[in-house]
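One letter stands for each residue in the lines below.
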Amino acid sequence: MDNKNYYITTPIYYPSGNPHMGHAYSSIVADVFARFKRLDGYNVFFLTGTDEHGLKIQKAAEENNQKPKDFCDNISRIFKDLSKSLNLSNDDFIRTTEKRHHKAVQFLWDKLASKGYIYLSMYKGWYSVSDEAYYNEDEIVEKDGKKISVISGSVVEWVEEESFFFKLSSFQEKLLEFYNKNPEFILPISRKNEVISFVKRGLKDLSVSRKSFSWGIKVPNNKKHVIYVWLDALTNYLSALNYPNLEDQLFKNFWPATLHIIGKDILRFHTIYWPAFLLAADIKLPNRVYGHGWILSDKEKMSKSKGNILDPVEMIKIYGLDQLRYYLIKEVSFGNDGNISNENIENCINSDLANNYGNFCQRSFSFAEKNCKGIVPSDIDFNSQDLKILNSFSNNIKKIRSLIDNQQLNNYVKFIIDKSSQANKYFNDEAPWNKKDNKKRLNTIVYVSLEIIRKISILLLPVIPYSANKALTSLNLNTKTLKLDSITDHLIIKPGSKLNNQGILFNKIGKNDS
Ligand code: MSP
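Presented here is an overview of the structure given in this document. (Residues numbered from 1 in each chain as written. Predicted model: local features only at pLDDT ≥ 70, side-chain atom pairs only at ≥ 80, totals over all residues. Heavy atoms only, no water.)

## Side note on the overall build of the protein chain
In terms of helices and strands, the protein chain carries 18 helices and 18 strands. Over its C-alpha trace the protein chain gives a radius of gyration of 26 Å, about what one expects of a compact globule, namely 24 Å for 514 residues. Out of the 514 residues in the protein chain, the part that is buried amounts to 58%. For the protein chain, the share of sequence-separated contacts (at least 6 apart) that also reach a separation of at least 24 residues comes to 78%. The distance from the centre of the 70 positive side-chain charges to the centre of the 58 negative ones in the protein chain is 4 Å. (Helix = DSSP H or I, 4+ residues; strand = E, 2+ residues; numbered from the N terminus. Rg over C-alpha atoms; globule rule 2.2 N^0.38 Å. Buried < 20%, exposed > 50% of the residue type's maximum accessible area, 1.4 Å probe, protein only. Contact = heavy atoms within 4.5 Å. Lys, Arg positive; Asp, Glu negative; His and termini not counted. Charge placed at Lys NZ, Arg CZ, Asp CG, Glu CD.)

The following block contains the structure:
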């Protein structure tokens, strides 16, 4: 692949309340891809941010007796702080209340209007404030005396107001053709089928402005209307690249986006509305939209009313950040819903991190300290067993890259942890403690073990950046300059150099510790 630019985005979050584990999950997933691609020599742009307009936010601000902008400033700051607590490597954090974004949205609106895709009419139909979404009559049911959307379960209200419409219906065939030509535009495949059948049932024109409230970006030349929050929000992916300046280097390098990471509940917006807006404005379409599943708490979607919100900051305090990141990536089947439980997380930390990877690092470093004076051995000679395990990384580099390019996150981690189990087995089988009479063999086993730590830690850098960095620092390696390619080499750690053991990577979690 020649294009070494990689643009990845998270959804921009509604600052209507504090962030929860679902938000943290979208962000951590995107961070893993961004970090992997940087490690593989790509020029990466990783974007996250907050989606601050619309009735949902206006109402939340009113409930808190605050002006919408003050309210957003406050919660957007909490989301920004969370990015730091999650150790996200984002290159930008966009807020839709920023000038650069307003400019882009109004430009895009004018473009759609000038091409004849926008007209004024009346909207009569259902609207959910909590989803900021319009629903068709056949998507509404009555439950406990309330009208709710069968798609999201949210309460809907009847709206009748003057509204500008976008000619979404003109794009039905074009979209179907696009999905057909780009079979991996929507992943996972099950979600793609869902979208295609929705589009095939027929697309109606979309209401893209609201008149009954004011918290939003004004429609150019008609100040009574604010632009529909999803047209506003989706444009963030362009405004962060300085659209409408098409000559801007960021835009030139990074558009079209490589990968939009989103939750499955916002698929329709990203795979129908967004490509239709872009097609209408003659802007290239993103390469891929991946809709992940939900993080469930007590087997249910988190919500304030159910009182089952999982707070990522609390979880980090209890388990540690890398432990949480590892667990979410390893144990939630990417693309499907995943339930979080304390028991699962403890088992996962103990079995994979403390007893497996952490243990291998620890026993190798201690053995080297005791038997090689903490110096990386130089008198070494690889035998076929050594080469077998060392080569099992080089032989799989293509597979590793393809796992990431196909968003096979669980298999990526499984590959690494399997290597770590093999490394422990190698250490047991080779039993260096029995080789004290054969110093060269003992040295070689130590050297091979250190090289395996290096390779595994490089692969783990995107998932558990602090801990993998710690292990690599113990080997005196600078993670800023390390590249993925170096896992194909076996003689990177400098013989004769002093090890710089940073200590235990992961403590085992006992039943009484949590
Ligand atoms: N503001 C819109 C996105 C606009 S993108 C142009 C939005 N915001 S949100 O804050 O409600 O949700 C943001 C993301 O968090 C969505 O991808 C959503 O799927 C995800 N999650 C919200 N709850 C979730 C879980 N319980 N589990 C996993 N992700 C979930 O939608």
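Still more to cover.
## Describing unusual backbone geometry
A negative phi angle characterises most non-glycine residues, just as the trans form characterises most peptide bonds. Omega for the peptide link from L187 to P188 comes to -10 degrees, which places this bond in the cis form. Tracing the backbone shows P188 in the loop between β9 (186–187) and α6 (189–200). A cis geometry characterises the amide bond from Y243 onward to P244, with omega recorded as 10 degrees. Summarising the element assignment, P244 is placed in the loop between α8 (236–239) and α9 (249–254).

## Points about empty space enclosed by the protein
In the structure shown here, the tally under the stated rule is two cavities of 30 Å³ or more. Every residue lining the largest cavity is listed: Y13, H23, A24, S27, T48, F79, L82, S83, L86, L88 and F93. Looking at the lining of the largest cavity, the elements that each hand over two or more residues are α1 (21–39) and α3 (68–85). Of the residues assigned to the lining of the largest cavity, the class counts are seven nonpolar, four polar and no charged. Of the pockets and cavities examined, the second largest cavity occupies roughly 50 Å³. Taken together, G54, L55, Y127, E132, R210, F213, V226, I227, Y228 and V229 form the lining of the second largest cavity. Classifying every residue of the lining of the second largest cavity by side-chain character gives seven nonpolar, one polar and two charged. (1 Å grid on protein atoms, 1.4 Å probe; cavity = no way out; pocket = protein on both sides within 12 Å on 5 of 7 lines; lining within 4 Å. Points joined across faces, edges and corners; volume = space filled by probe spheres on them. Nonpolar A, V, L, I, M, F, W, Y, C, P; charged D, E, K, R; others polar.)

## Focus on a nonpolar patch on the surface
Together, V141, V150 and I151 line one region of the surface with nonpolar side chains, adding up to about 240 Å² of accessible area. Examined against the element boundaries, V150 turns out to sit in the loop between β7 (146–149) and β8 (157–166). Among the residues examined, V150 registers a relative accessible area of 49% and is labelled partly exposed. (Patch = residues over 30% accessible without salt bridge, like charges linked within 9 Å, V, L, I, M, F, W, Y side chains within 5 Å. Areas by Shrake-Rupley, 256 points an atom, 1.4 Å probe, with all protein chains shown as cover. Salt bridge = Lys/Arg side-chain N within 4 Å of Asp/Glu carboxyl O.)

## Considerations on the pairing of strand β4 (residues 118–128)
Judged from the 10 bridges that link them, β4 and β8 form a sheet pairing that is antiparallel. Pairing of K124 across the sheet is with E160, part of β8. Linking two consecutive strands that pair antiparallel, namely β4 and strand β5 (residues 133–135), is a turn of four residues; a positive phi of about 50 degrees is found at E132 within it. (Pairing = 2+ DSSP bridges.)

## Focus on the site of the ligand
Around the ligand lies a shell of 25 residues, among which I12, D51, G263, D265 and I295 are the nearest. Backbone polar atom of Y14 to an oxygen atom of the ligand: 3.1 Å apart, as the coordinates give it. Contacts to the ligand include I295, whose backbone N or O atom sits 2.7 Å from a nitrogen atom. Within the complex, 95% of the 660 Å² of free accessible area of the ligand lies under protein. For the shell around the ligand, the elements supplying multiple residues, two or more each, are β1 (5–13), α1, α7 (229–234), α8 and β14 (259–263). Taken together, the residues that form the shell around the ligand break down as 13 nonpolar, nine polar and three charged. (Near = heavy atom within 4 Å. Polar contact = N/O pair within 3.5 Å; in protein donor to acceptor, adjacent residues only side chain to side chain.)

## Structural notes on a positive patch on the surface
Among the surface-exposed residues, K370, K373, K436 and K439 lie close enough to one another that they form a single positively charged patch. Classification of K439 by relative accessible area gives partly exposed; the value is 41%.

## Brief notes about the packing of aromatic side chains
For any two aromatic rings, the description comes down to two numbers: the centre-to-centre distance and the angle of the planes. Using the criterion set out here, one finds 32 aromatic pairs in the structure. For the ring pair F45 and F254, a centre distance of 5.4 Å and an interplane angle of 35 degrees mean the geometry is tilted. In this pair, F45 is assigned in strand β2 (residues 43–50) and F254 in helix α9, connecting sequence segments 209 residues apart. The class for F45 is buried, based on a relative accessible area of 7%. Under the relative-accessibility criterion, F254 is labelled buried at 5%. Aromatic pair Y134 and Y228: ring centres 5.0 Å apart, planes at 55 degrees, arrangement tilted. One end of the pair, Y134, is in strand β5; the other, Y228, is in the loop between β13 (222–227) and α7, and 94 residues separate them in sequence. Y228 sits in the buried class, given a relative accessible area of 1%. An aromatic cluster is present here, built from Y7, F45, Y237, F254, W255 and W274 joined pairwise through their rings. Above the plane of the ring of Y42 lies K37, whose end atom (NZ or CZ) is 4.0 Å from the centre. Over the ring of W294 we find K301, and its NZ or CZ is 4.3 Å from the ring centre. (Phe/Tyr/Trp six-rings, centres within 6.5 Å; stacked < 30°, edge-to-face > 60°. Lys NZ or Arg CZ within 6 Å of the ring centre and 35° of its normal.)

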